[in-house]
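Report on the structure
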Amino acid sequence: MTRRRMFEAVLSCRQAYLGKSIEVLDKVVRLPDDRFAHRDVVTYAGGAVCVVALTVDNRVVLVRQYRPAPEMVMFEIPAGRRHGVHERFLTAARRELREETGYIASSWKKCIEFWPSPGFVDERLTLYIAKDLRHGPTEMDSDEFIRPVLMPVTEAIERCRDGRMNDAKTLIGLLWCAAFEGLASG
């Protein structure tokens, strides 16, 4: 099928819900075969960042926190939203790493941008690698209950392999680094 034949034309769009950090839209679309369908789309304006932060002794900085949707505690790489559309992505990555873990990095590399759940969410994440870390105090938001954790890279990769690491951005970040940055061998 050509790109044109796969495209869905939006015929109408209404706000179904407006929350503190998301909006849910009800879109009526025309399908490639000219039938009509409804699409629920969650908008997460501004974009977000995630960071694989690596220590000199080959450990990765993770955060351990409760997640309400799966109702479980998860290990994740530090991540968060930009503070408005004018905040630079790298500025947001530096801020999130510092706020959630207390770490400040002097070496940064942008890796990729990706959509973790494009079937119904427009959130796009930008992945960074941070190195040359020094530690300071955390600056968590008042509603965040996060515990920073240093984990050997080999253990983090093994947890990806055996299913104990199950957050999408963390899997993508760690496996990207293992495949393209030599993370597992370093």
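Positions within a chain are numbered from 1, following the residues in the order the chain's sequence is written. Restriction of local features to residues with pLDDT of at least 70 applies here, the model being predicted, together with a cutoff of 80 or more for giving and counting side-chain atom pairs; totals for whole chains, interfaces and linings are based on all residues. Remark: hydrogens and water are excluded; side-chain values derive from all non-hydrogen atoms of the structure.

1. Some points on unusual backbone geometry
Let me state the cut-off plainly: Only DSSP runs of H or I reaching four residues or more are called helices, and only runs of E reaching two or more are called strands; each is numbered from the N terminus.
Unlike most non-glycine residues, N58 shows phi in positive territory, near 65°. Located in the positive-phi region is E71, a residue other than glycine, with phi close to 55°. Structurally, E71 can be placed in the loop between β5 (59–67) and β6 (72–76).

2. Some remarks on the environment of A105
Here is the rule: Note on exposure labels: buried denotes an accessible area under 20% of the residue type's maximum, exposed denotes more than 50%, and partly exposed covers the range between, all computed with a 1.4 Å probe on protein chains only. Residue contacts are counted whenever heavy atoms from the two residues lie within 4.5 Å of one another.
Among the secondary structure elements, A105 is positioned in strand β8 (residues 103–114). Exposure remark for A105: the relative accessible area of 9% places this residue in the buried category. Taking C-alpha positions, A105 is 22 Å from A179, a pair spaced 74 residues apart along the chain. Contacts of A105, omitting those with residues within four sequence positions, involve L97, A130, K131, D132 and L133.

3. A look at the packing of aromatic side chains
Keep this limit in mind: Stacked, tilted and edge-to-face pairs are distinguished by plane angle, under 30 degrees for stacked and over 60 for edge-to-face with tilted covering the rest, among Phe, Tyr and Trp rings (Trp via its six-membered ring) whose centres lie within 6.5 Å. Criterion for a charge above a ring: Lys NZ or Arg CZ within 6 Å of the ring centre, and within 35 degrees of the ring normal.
Counted by the stated rule, this structure contains two aromatic pairs. Judged by centre distance (6.1 Å) and plane angle (80°), the ring pair of W108 and Y128 falls under edge-to-face. With W108 in strand β8 and Y128 in strand β9 (residues 125–135), the pair connects residues that are 20 residues apart, well separated along the chain. Between W176 and F180, the ring centres sit 4.5 Å apart and the planes meet at 55°, which makes this aromatic pair tilted. One end of the pair is W176 and the other is F180, both in helix α4 (residues 168–180) and four residues apart, which spans about a single turn. Look at W176 and you get partly exposed, because its relative accessible area is 22%. Residue class for F180 comes out exposed when judged on its relative accessible area of 55%. The ring of F89 has R82 lying over it, and the distance from NZ or CZ to the ring centre is 4.0 Å.

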